[in-house]
Amino acid sequence: MISQSLQSILRPSAFKAGLLTCISCCLIYFCINHNKPEFISSLDNKLTDFMFYLRGAEPSSGSVVIVDIDEKSLSEYGQWPWPRNLLAELAEKVLSAKPAVVGFDLIFAEKDRCTPLAILGQHQDIFSQPGSGLSSDLNAILSSITDYDKSLGDILDNSKSVQGYSLLFREDFLKNEASEPYVAHPVEPFTGWDFENIQFIAAYRPILNIAELRRGGSEGFLNLFHDENSKVRKAPLFVLLNKTPYPSLAMEMFMTAKTIRSPKLVPGPQQSRRFLPLQGFVINDTFYRTDDYGRLEINFRGPSNTFLYLSASNILNGTETAYLSGKYVLVGITASGMIDQVRTPFSSQMPGVEIHANILDNLIRNDGLISDKTLENQLTYTIILIAGLALSGSLVFLHPFIGLSISGLLFLLIAAGNYFLLFLENNLVGFSFIYLALTAVFLVVTLCNYFFEGRKRLFIKRAFSHYVSPAVVGELLKNPEKLNLLVDNREVTVLFCDIRNFTTLAENTSPAELSLFLNSYFSLLTDIIIKHNGMVDKFIGDAIMAVWGTPLQDPEHASKAVHAALEMAAAVAAHRDTLQLSGQPVRIGIGINSGLVSAGNFGCSRRFDYTVLGDNVNLASRMEGLTRYYPVTILITQQTRALLKRSITCRYIDAVRVKGRVKTVELYEPLEKEKSTLLGTQEYSQYLEALEYYRTRDFQKAALYFDNLFKTHGDPLYHMYRQRCLSFITSPPTLLWSGVYQHS
């Protein structure tokens, strides 16, 4: 028993292959989830792009405004770079509108070459020529000329402004240890941890603004970072430089507007001895989420020009300064040829200044996308196992079309859940591995279904094509799940057919002649059995055993078996001239019984033998044996007659006890259509009267009735009963006798 259970567990199947694929995918994910392969990350990003596309543009906070040095501004005020006095005028106009903060997406790494001081300095040799008398005038001129860099620096000094600078990440051996950005809002360190233990992106050196402009005190880096598809998706809010974290332009603008001193980093659970992941940071008791590396997953508001752009020329003209009051103002340049356009999930070309606007707006509304690795891990394992098992089960145990439909529905439900329950709630979870895993489950189960079901169909065809009708084989091939080869209880109808006196007739027949006879005989009756959807179970010498109701369940098994028996009897009678042994036509006897049996493979590991066993099978065999005693061709039991539901007329024959059974068995003879009117005749009424006398032990009257019936109609059944009655007259049965005849 244990061995059979173990064999059943270890027996390969498509469902087990699907389960194994689910477990394998979970193990693969466990190995790669800390460092996803590039192609999986790329698929995650493409899915995110598609969800951005589905969501479409959404309103910004309205707090961020871009002052744009655009084509119009250059056409009105000259080519870029502008002189610093013009930029100073622009900065003054912007700051006079009282914005919350101003950030410059510009770098002034060199002195202004357009200032008069620089121009005169380039021609100083002319003024210093001997005898010109201009040397003293030069000093007076230089002292009276305004320094444009200083003018811009004076305006920015002590203002709520943030200047941009760039960071270099490759080593160029030009690093100056004394040259560092100013930290207006130093990050509070962790107790027992250095900033090096946090996996910030590390820079080599900064490219800063000139000293005259750095008196404002607030600075933020401008660098934008691309993924493997050259798209900007994440923005580091801090970058590590010389073991100190420095904020980005958007981050510094946000902190400057909030008038805080120090942001507090919030660490995540420790995953290694060397590195400490981040959860986010706290500003003024509000928590802002980042990824493990301090990066913001940018929740883009839409494509280019989603934010309010104001032309710098209009600001200089004083026509649109009212839009700046209380706003986070970014000053940048978008004029053609002046900047590189950046790719985002929404747009193939977006100015860098609008990327900073998106980051800043995310911080203002605190709605940046959350990339929670723990949530992603939990969902990945759970969905792969649950959806994978559901997918396997639907493909294996349901109709192929239904299984395929459920598979598609599962994928749609997972995609819809990712979009509506996660993405629209600002949770960014990588689902591409889940889709890949479920696709692998689908392919493995489908291929295994094809392989295992193909073998099963071939087995069914080989095992049953010679024993059941093509319709039954076709149904089994179409729905192999209807075939249960394991032993189970089935309600069936069993038929036994035997040639009367076969042994005596065969003694005088040559083996060759006997072989030809049996081939013709079995072919004739087998075709009839198969025609009525029966299964030829086996040939036993000259006998045939057939079953209805298995391997394919059939509610009409009794009716089909009896119809087959009637046709078999008629066929043998019709072929009496050809079906002869020793020069005599053969006669057959057929016994039929219905009931529960054990059906299944009762063979061994080397030989398949699908058959039925049980007491009801033995009773059917006894019925066939009783046809030698009763002068009828076909005998059926009361169980079979009850299942016929009057579809076939049956004549009562006797109530008996057969050898090996205690219960009484009622015998009936199914009648052909030509004889079906017998039950309504006077003959049958007299027959029932005679039987009643017989059961009540009035054997004299019973014998008289049966004698008259026999003389009138010549039915040998009446003669058999007459002889039994005469026998009981001379040797009466016991007082406990109730009309049941005991066959030894």
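Just so it is clear, the structure is predicted and the values come from calculations on it, not from any experiment.

When you look at the overall build of the protein in this model, what are you seeing that I'm missing?
Of the regular secondary structure elements, the protein holds 24 helices and 28 strands. Counting across all 744 residues of the protein, residues that qualify as buried make up 48%. Taking the intrachain contacts of the protein between residues at least 6 apart in sequence as the baseline, contacts between residues at least 24 apart amount to 76%.

When you look at the sheet that holds strand 8 (residues 238-241) in this model, what are you seeing that I'm missing?
Strand pairing in a sheet relies on backbone hydrogen bonds. The paired strands run either parallel or antiparallel. Sheet architecture is open: 3 strands sit in the order 4-8-9, paired in mixed fashion. This sheet does not close on itself; its edge strands, each paired only once, are strand 4 (201-202) and strand 9 (244-247). Sheet topology note: the strand 8/strand 9 ladder contains 4 bridges and is antiparallel. Bridging across to strand 9, Phe238 finds its partner in Pro247.

What exactly am I supposed to notice about the pairing of strand 18 (residues 488-499) here?
Taking burial as the measure, the 12 residues of strand 18 include 9 buried ones, the bulk of the element. Here strand 18 pairs with strand 23 (residues 588-601) via 12 bridges, running antiparallel. Its bridge partner lying in strand 23, Asp498 is registered against Gly589.

Mind showing me how you'd approach the side chain of Asp49 here?
Examined against the element boundaries, Asp49 turns out to sit in helix 3 (residues 38-55). Polar side-chain contacts of Asp49 include one of 2.5 Å to the side chain of Arg233. Not counting the four nearest positions on each side in its chain, Asp49 is found in contact with Lys231, Arg233 and Pro345.

Quick question: what am I supposed to make of a nonpolar patch on the surface here?
Judged by side-chain polarity, Leu19, Ile23, Leu27, Leu385, Ile386 and Leu389 come together as a nonpolar surface patch covering roughly 500 Å² of accessible area. Where the nonpolar patch is concerned, the elements lending two or more residues are helix 2 (14-32) and helix 13 (373-397). With respect to the element layout, Leu19 can be found in helix 2.

Would you mind showing me how to read the sheet that holds strand 10 (residues 264-267) here?
Taken in spatial order, the 3 strands line up as 10-11-12 in an open sheet, and their pairing is antiparallel. The strands lining the two open edges of the sheet, one partner per strand, are strand 10 and strand 12 (286-289). Going from strand to strand, the sheet's axes swing by 30° on average, the running direction of each strand aside. Examined bridge by bridge, strand 10 and strand 11 (residues 278-283) share 4 bridges and lie antiparallel to one another.

Got a minute to help me understand the pattern of salt bridges in this structure?
A side chain with one charge can pair with a side chain of the opposite charge if their charged atoms come near. Within this structure, the stated rule accounts for 32 salt bridges. Here Arg205 and Asp172 are joined by a salt bridge, their closest N and O atoms 2.7 Å apart. Residue Arg205 is found in strand 5 (residues 205-207), and its partner Asp172 is found in the loop between strand 3 (161-168) and strand 4; the two are separated by 33 residues along the sequence. The residue Arg628 makes a salt bridge to Asp498 at a minimum N-O spacing of 2.4 Å. Of this pair, Arg628 sits in the loop between helix 20 (615-626) and strand 25 (634-637) while Asp498 sits in strand 18; the two residues are 130 residues apart in sequence, bridging distant segments of the chain.

Just checking my understanding: could you explain the packing of aromatic side chains for this structure?
Aromatic rings considered in pairs are described by the distance between their centres and by the relative angle of their planes. Per the counting criterion, the structure on display carries 37 aromatic pairs. Ring centres 5.9 Å apart and planes at 20° place the aromatic pair Tyr629 and Tyr741 in the stacked group. With Tyr629 in the loop between helix 20 and strand 25 and Tyr741 in strand 28 (residues 741-742), this pair connects stretches of sequence that are 112 residues apart. Considering the side-chain rings of Tyr684 and Tyr687, the 5.7 Å spacing of their centres and the 45° angle between planes classify their relative orientation as tilted. Of this pair, Tyr684 and Tyr687 both sit in helix 22 (residues 682-695), 3 residues apart, which is roughly one turn of the helix.

Where do I start with the environment of Leu524 in this structure?
Within the secondary structure, Leu524 is located in helix 18 (residues 511-531). Along the backbone, Leu524 and Val572 are 48 residues apart, and their C-alpha atoms lie at a distance of 8.5 Å. If sequence neighbours within four positions are ignored, Leu524 has contacts with Ala571, His575 and Leu579.

Criteria and thresholds
- Residues numbered from 1 in each chain as written.
- Predicted model: local features only at pLDDT ≥ 70, side-chain atom pairs only at ≥ 80, totals over all residues.
- Heavy atoms only, no water.
- Helix = DSSP H or I, 4+ residues; strand = E, 2+ residues; numbered from the N terminus.
- Buried < 20%, exposed > 50% of the residue type's maximum accessible area, 1.4 Å probe, protein only.
- Contact = heavy atoms within 4.5 Å.
- Pairing = 2+ DSSP bridges.
- Polar contact = N/O pair within 3.5 Å; in protein donor to acceptor, adjacent residues only side chain to side chain.
- Patch = residues over 30% accessible without salt bridge, like charges linked within 9 Å, V, L, I, M, F, W, Y side chains within 5 Å.
- Areas by Shrake-Rupley, 256 points an atom, 1.4 Å probe, with all protein chains shown as cover.
- Salt bridge = Lys/Arg side-chain N within 4 Å of Asp/Glu carboxyl O.
- Axes fitted to C-alpha atoms, helices over the stretch in contact; angles between N-to-C directions.
- Phe/Tyr/Trp six-rings, centres within 6.5 Å; stacked < 30°, edge-to-face > 60°.

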